[in-house]
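Results of the structural survey
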Amino acid sequence: MEAVRDGYSDPRYADSYFRSQNTESSIKVAPHQTGKTYVWKMQGYTHCSASCLGGVQESIIMCIQKDDEKVVGPFLCSTQTRPEALTRTCNEHPCPPRWNMTEFQQCSKPCGIGIQTREVHCIHEVTLGGGNTVIVPNHMCPQPQPIDRQQCNVVDCAVEWHTSKWSKCSKRCGGGVKRRTVECKQIMVQENIVSRPASQCPKNKPPEIRPCNTKPCPTEEQRPQIMAANQSYIQSNPSSREEVDLKIGGNAQIFHGSPVKIKCPVKKFDRYLYSGIYSGIYNNWMYRILI
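Summarised in this report is the structure supplied together with it. Please read these numbers as outputs of a predicted model, since none were measured by experiment.

Before going further, it helps to examine the sheet that holds strand β11 (residues 133–135). The strands making up a sheet associate through hydrogen bonds between their backbones, and the pairing can be parallel or antiparallel. A sheet is described by the order of its strands in space; here three strands give the open sequence β8-β10-β11, paired in antiparallel fashion. Taken across any chain shown, the strands that pair with only one partner, and hence form the sheet edges, are β8 (98–101) and β11. Averaged over neighbouring strand pairs, the angle between their axes works out to 50 degrees when direction is ignored. Here strand β10 (residues 120–125) runs beside β11; their pairing, made up of three bridges, is antiparallel. Bridge assignment links His124 to a residue of β11, and that residue is Val134.

Right, dumping it as structure tokens:
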């Protein structure tokens, strides 16, 4: 049998351990030396679990040698006599105002230079719990204030085709075209845009022209028959600015500035194919509209 000291400074009071030759990992503890007593003793409390608004501390219980109160290993004391741990509250004073920040949002641009933003508020927890937090003025929190925005993706963009908006269609019917400009460019850091040769851009160049309003224009036979409405309206109150509704064929006398809505009673006909002539005749303090 091989004896192993427990490591205490005084070899006279050290317990011995014996390693079995038959089992490599089994360790046995020798009986305590006569006259030595080991007891449990509370030695203070742990650190408070919170710095404000109330935390918890737990008592620290150690196994000691009774005659000199030297701390020894817990296995030397009886587990049956170990006292229950005590808990107490601590740091119950209110917390000072502090900064509360959300995560930064996604970058506004994939390259060139983008911006990320987040919300930064000075908050004060009046009682324990997230629902008891109020926003207070920024000067009440530690300074300087954390940033609420930052640059991101500060890298040159790839060379690519840049297109303008499509123009209006050149015709209302019968086949027209829309046009736009297509240029090979590169957006550099700090938003500088540099023109590049077309050979540096992707092979598939976006189209510059596309057809529009391809429906054929209606012939005279296809034009809808519009029944003229023999409608007349005379506005008598100068202060009235109510909207005047008229149908094709009607006429009205209204004061200057009065709104007029002209209706063409045709269904299932392309409104872009409508055409008409409106004439206004100024007569003293009234307009006369002939349709």
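Here we come to the sheet that holds strand β16 (residues 193–195). Ordered by their spatial adjacency, three strands build an open sheet running β13-β15-β16, and the pairing between neighbours is antiparallel. The sheet is open, and its two edges are formed by β13 (160–163) and β16, each paired on a single side. In this sheet, neighbouring strand axes are inclined to one another by 55 degrees on average, regardless of whether the strands run parallel or antiparallel. Sheet topology places strand β15 (residues 182–187) next to β16; three bridges connect them, and they run antiparallel. The residue bridging Ile187 from the neighbouring strand is Ile193, located in β16.

Quick notes on the rules
Residues numbered from 1 in each chain as written. Predicted model: local features only at pLDDT ≥ 70, side-chain atom pairs only at ≥ 80, totals over all residues. Heavy atoms only, no water. Pairing = 2+ DSSP bridges. Helix = DSSP H or I, 4+ residues; strand = E, 2+ residues; numbered from the N terminus. Axes fitted to C-alpha atoms, helices over the stretch in contact; angles between N-to-C directions.

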